[in-house]
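# Analysis of the macromolecular model
Now for the letters of each chain:
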Amino acid sequence: MVFAAPGEALARAEQVLRSDPTPLDASVAHQVIGIWQRDFGDLALALDHLRRARDFAARADSADREADVLAALGVALVHAGRTRQGLAALDRGVARGNGHTRARVLYRRAFASWVLGRHKEALEDLRRAIPVLRQADDVIWTARALSVRATVHLAMGAVERADADFTAAERLWETTGQEHDKAVAVENRGLAAYRSGDIPAALRLLAEAKERYDELGTPPFMLYIARCDVLMAAGLAPEALAEADGAIAALDRIGGQSTRKAELLLTAARSALSTGDAQTAIARAAVAVRLFSGQRRSWWETHARLVLIEARVAGGAASGRLVQDAAAVAEQLASFGAPAAPEASLLAGRIALALGWTADAERHLAVAARSRNAGPPLTRMTGWAAQALRARAAGSGRGVLEACRRGLDVLDDHRMTLGASELRARATAQGAELAALAQQASLAHGGPRRLLEWSERWRATVLSTPPTRPPADPALLASLTAFREIASRAEEARRREGGRPVPALEREQRRLEREIRSRTHHTRGDAPGEGDRFDPARLLDRLGDARLVELAVVDGRVHILLCGQGRVRRFAGGLLAEAVAEAEHVQAGLRRLAHPGAEARLPVVEAAGKRLEELLLGAAADQLGSGPVVIVPPGALHRVPWALLPSLRERVLSVSPSAGSWLRARETEPPPGGRHVLVRGPGLATEGAEVPEVAGRYATARILEHDDAQVPRVLAELDGAALAHIAAHGTFRADSPLFSALRMADGPLIVHDFERLARSPYRIILSSCDTARLASVGADELLGLVTALLPLGTAGVVASSAPVNDAAVVPLMLALHKGLGAGLSLAEALRDARAALPGDALHQATGWAFAAFGAA
């Protein structure tokens, strides 16, 4: 009953002990309390109750009762880190039990062996136990045994066997009332989905298991470990680290299992390593190694040692001793049959390469490379990374590129199983090493066109296909509506309170944000593979008299790839770090110039624009011709106000996240009907003064303002429009870019709302602050309002990358629409609109802050 209704079982056991029970009943009651405390509470209390249960069983003179208690006590001792005592108790239990009881004890000894990482011993005990349990028609214990056997198979990389056992166990659970065990079964399915590479299903199933545990009041520490692994695979390492550290703190508060604490510390170390925090990873992994060693858990200790070595290397260490340590870990993992063995061999090879030990490196990398053709996606990518490093060490540029291509193909297939744009973007980080190796090889062994191809291979890939979303998901729609209402109430309350926080509403807003993110993450992708591949010849053909400038970054230096006139030329640029620092200075200057009285800053900003041109265009600035220019910057430079650069100020200028994205925009046809939508949100200093005047230019314009400017109505009108102009306060969320918003009458219109459009407007103008700000994530991906629109049918966007002066925006927008009315593109109209502005610093800065994205 303790796994069917845990709270009721605990209460009834305590009631039995208050009723002067017989030794047999007292033994059962103490065992129930001991199991409850062992799995859900204080391990010290658990051991006390289980020892009492053992003593009462001896007084009751029941061998089977004593065997059963010894099994529960043995598992508790193992969880407490007292491995020798725990195994001794389990061995005594096997010796004392008979038939059916002995099979149950064998199952629990197998469970303890799994906890200890002794997988062969676990399988042997289960081989003996399962037939007896089945013969006795013991549904509950058979299901438990099958679940543990499946988990052992997973640890050994046998995913298909695990899935078969999990499926069989779940069928059995459905015939019982064991609610906690049923939750474990759902968790196990999530774990199997993760190991087979289905991240959305894993997240969905683990969320369902968590709900079941919460209803039962049983803390799910194993689930936290599984969920952290899945979050890391989804590119959400910071969330995984926070979850692991939170679970460790919760475990410490209740005095829980030492074994689980060690596993959570290992998970935290992996998470910290994935975030780039080597020192935190070293600290967590070192403690995990000590705990696993004390618990005599060699399988786990070896995995923790691998993470510890990886963290030390990430922190800058490289030595012959580390090569030896990594090689020893690889050998031990291989002896365990652990799927992480190739990762350790790759690590040993990497360190050896850094030391110039080419023969040693080749030996270790050759072992790691064997994993490239089998196993889960990330294991295969490990193998292809090893193969690419082998080729580079051998001086084969062609071999490097082939290995990188094959590895990134694996990543593409993996990414396209993810429906959420955020997960697709973050998952690209797992291919960053392969992409960097390919760019280095292209620079050394190929021409500019090849470097362009590889720059495009990993840039803005998320924009190649729209995010997948469940059709009219009622739970997601309800969460979005509730979020909008709470966010609106919180903003109103802050205004009333003079800007002070409103904790209760803000907590609820954060909860709803987590719920929305979670539901979008559960969506599975439906596009097989990457789809349309970038073709340089097609790009050059489409450019006509325009020039496209793609900025590739290799080893921290900018390389300018100038495309046009049927060829691609490469020019040398400056250091990326210097350009990023200069761009930040420019942004600070534009923020100052958005307010009257800052005219003295104008020469400083213009000088910074000149320095940016030297760093980012170099000699290419004199080769741009007289036609339009398209700039394709890396993610780190997305906030550069390109119109500020001297050679670009008078030009028809547009910006694109990638050359492929520009091509798709160029070839996007406008929708039939030519519907125009103008939206005016609340709270603007000018009250969106340009909207009524702009409306006069379009005979069929639909104006949404006041109560009409509510999110559901706005989305309905935007869907499939030819042109949309939205005058509304913009908010950029660096911490969670898909919650960047435009303020409507009923609350924020967020990126997740835009992603529900069947087709976003062909052209869209966002006339408020920061609407072009984006978050750089993954390898070279961008998340924000602009990038949400481009895959959904928008061919052109005008937006600002900096705060702007509301009053100065009005004449810019009026001039922009005048150009559009004359048949100009967004980029052409924006150039003419800048030229039409007054020559003062305020209006010039406003013009520079806006950019045209895409090709419409």
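Calculation notes
- Residues numbered from 1 in each chain as written.
- Predicted model: local features only at pLDDT ≥ 70, side-chain atom pairs only at ≥ 80, totals over all residues.
- Heavy atoms only, no water.
- Helix = DSSP H or I, 4+ residues; strand = E, 2+ residues; numbered from the N terminus.
- Buried < 20%, exposed > 50% of the residue type's maximum accessible area, 1.4 Å probe, protein only.
- Contact = heavy atoms within 4.5 Å.
- Areas by Shrake-Rupley, 256 points an atom, 1.4 Å probe, with all protein chains shown as cover.
- Lys, Arg positive; Asp, Glu negative; His and termini not counted.
- Charge placed at Lys NZ, Arg CZ, Asp CG, Glu CD.
- Salt bridge = Lys/Arg side-chain N within 4 Å of Asp/Glu carboxyl O.
- Pairing = 2+ DSSP bridges.
- Polar contact = N/O pair within 3.5 Å; in protein donor to acceptor, adjacent residues only side chain to side chain.
- Expected span 1.5 Å × (residues − 1).
- Axes fitted to C-alpha atoms, helices over the stretch in contact; angles between N-to-C directions.
- Left-handed = near helix turned anticlockwise from the far one by under 90°.
- Nonpolar A, V, L, I, M, F, W, Y, C, P; charged D, E, K, R; others polar.
- Phe/Tyr/Trp six-rings, centres within 6.5 Å; stacked < 30°, edge-to-face > 60°.
- Lys NZ or Arg CZ within 6 Å of the ring centre and 35° of its normal.

Further remarks concern the overall build of the protein chain. Each helix and strand in the protein chain was counted, giving 37 helices and 16 strands. Across the 856 residues in the protein chain, those meeting the buried criterion constitute 59%. The long-range share in the protein chain, meaning contacts at least 24 apart out of those at least 6 apart in sequence, stands at 70%. Of the accessible surface of the protein chain, which amounts to about 32800 Å², a share of 50% is contributed by carbon and sulfur atoms. Each charge class in the protein chain can be summarised by its mean position, and for the 106 positive and 100 negative side chains these summaries are 4 Å apart.

Attention now moves to the pattern of salt bridges. With the rule as written, the count across this model stands at 58 salt bridges. A salt bridge links Asp39 to Arg38, with the nearest nitrogen and oxygen atoms 2.8 Å apart. On the basis of relative accessible area, Asp39 is assigned to the partly exposed category, the value being 22%. Measuring nitrogen to oxygen at the nearest pair gives 3.1 Å for the salt bridge that ties Arg426 to Glu422. With a gap of four residues between them, Arg426 and Glu422 both fall in helix 22 (residues 421-427), about one helical turn apart. When its relative accessible area of 5% is taken as the criterion, Glu422 is described as buried. Counted as one network, the salt bridges with shared partners bring together Glu402, Arg405, Arg406, Asp409, Asp412, Arg415 and Arg457.

Reading across from one edge, 9-10-11 is the order of the three strands in this open sheet, with antiparallel pairing throughout. Both edges of this open sheet fall to strand 9 (730-731) and strand 11 (747-750), since each of them pairs with a single strand only. With four bridges joining them, strand 10 (residues 741-744) and strand 11 adopt antiparallel strand pairing. Bridge assignment links Arg743 to a residue of strand 11, and that residue is Pro748.

Looking now at the side chain of His843. Tracing the backbone shows His843 in helix 37 (residues 841-849). Among the polar contacts made by the side chain of His843, one reaches the side chain of Asp840 at a distance of 2.8 Å. Those residues within four positions of His843 in sequence are excluded, and the remaining contacts are Ala808, Pro811, Leu837 and Pro838.

The periodicity of an α-helix, 3.6 residues per turn, causes residues three or four places apart in sequence to face the same way. Here helix 35 (residues 806-821) contains 16 residues, and its C-alpha end-to-end distance of 23 Å stays within 8% of the 22 Å for a straight helix at 1.5 Å per residue. Most of helix 35 is tucked away, with twelve of its 16 residues classed as buried. What helix 35 keeps buried is the set Asp806, Ala808, Val809, Val810, Leu812, Met813, Leu814, Ala815, Leu816, His817, Gly819 and Leu820. Backbone geometry just after helix 35 places Gly823 at a positive phi near 95°.

What follows concerns unusual backbone geometry. Its identity is not glycine, yet Asp137 carries a phi of approximately 55°, on the positive side. Of note, the phi angle at His706 is positive, near 55°, even though the residue is not glycine. Along the chain, His706 turns up in the loop between strand 7 (702-705) and helix 32 (711-718). Its relative accessible area of 60% is what places His706 among the exposed residues.

Turning to the packing of helix 1 (residues 6-17) against helix 2 (residues 23-40), a few remarks are in order. The contact between helix 1 and helix 2 brings their axes to 9 Å, and the two run at 145°. You can see that helix 1 and helix 2 cross each other, and the crossing is left-handed. Contacts between helix 1 and helix 2 pair Pro6, Gly7, Ala9, Leu10, Ala13, Glu14, Val16 and Leu17 from the former with Asp25, Ala26, Ala29, His30, Val32, Ile33, Trp36 and Phe40 from the latter. Considered class by class, the residues forming the contact of helix 1 with helix 2 number twelve nonpolar, two polar and two charged.

Let us now look at the side chain of Asp412. As for its position among the elements, Asp412 is in helix 21 (residues 397-415). Judged by its relative accessible area of 4%, Asp412 falls in the buried class. Polar side-chain contacts of Asp412 include one of 2.9 Å to the side chain of Arg457.

We describe a pair of aromatic rings using the distance from one ring centre to the other and the angle between the two ring planes. Within the structure shown, the criterion is met by eight aromatic pairs. Aromatic pair Tyr107 and Trp141: ring centres 5.6 Å apart, planes at 85°, arrangement edge-to-face. You can see Tyr107 sitting in helix 6 (residues 99-116) and its partner Trp141 sitting in helix 8 (residues 139-155), a full 34 residues away along the chain. Taking the relative accessible area as the measure of exposure, Trp141 reaches 12% and is therefore buried. When the centroid spacing of 5.4 Å and the interplanar angle of 65° are considered together, the rings of Phe483 and Phe739 count as edge-to-face. On the criterion of sequence distance, the pair formed by Phe483 in helix 25 (residues 474-496) and Phe739 in the loop between strand 9 and strand 10 is long-range, its members being 256 residues apart. No difference in accessibility class separates Phe483 from Phe739, as the two residues are buried. Members of the aromatic cluster, connected to one another through ring pairs, are Phe3, Trp36 and Phe40. A cation over a ring is seen here: Arg144 above Trp141, with NZ or CZ 4.8 Å from the ring centre. The ring of Trp384 has Arg372 sitting right over it, with the charged end atom 5.4 Å from the ring centre.

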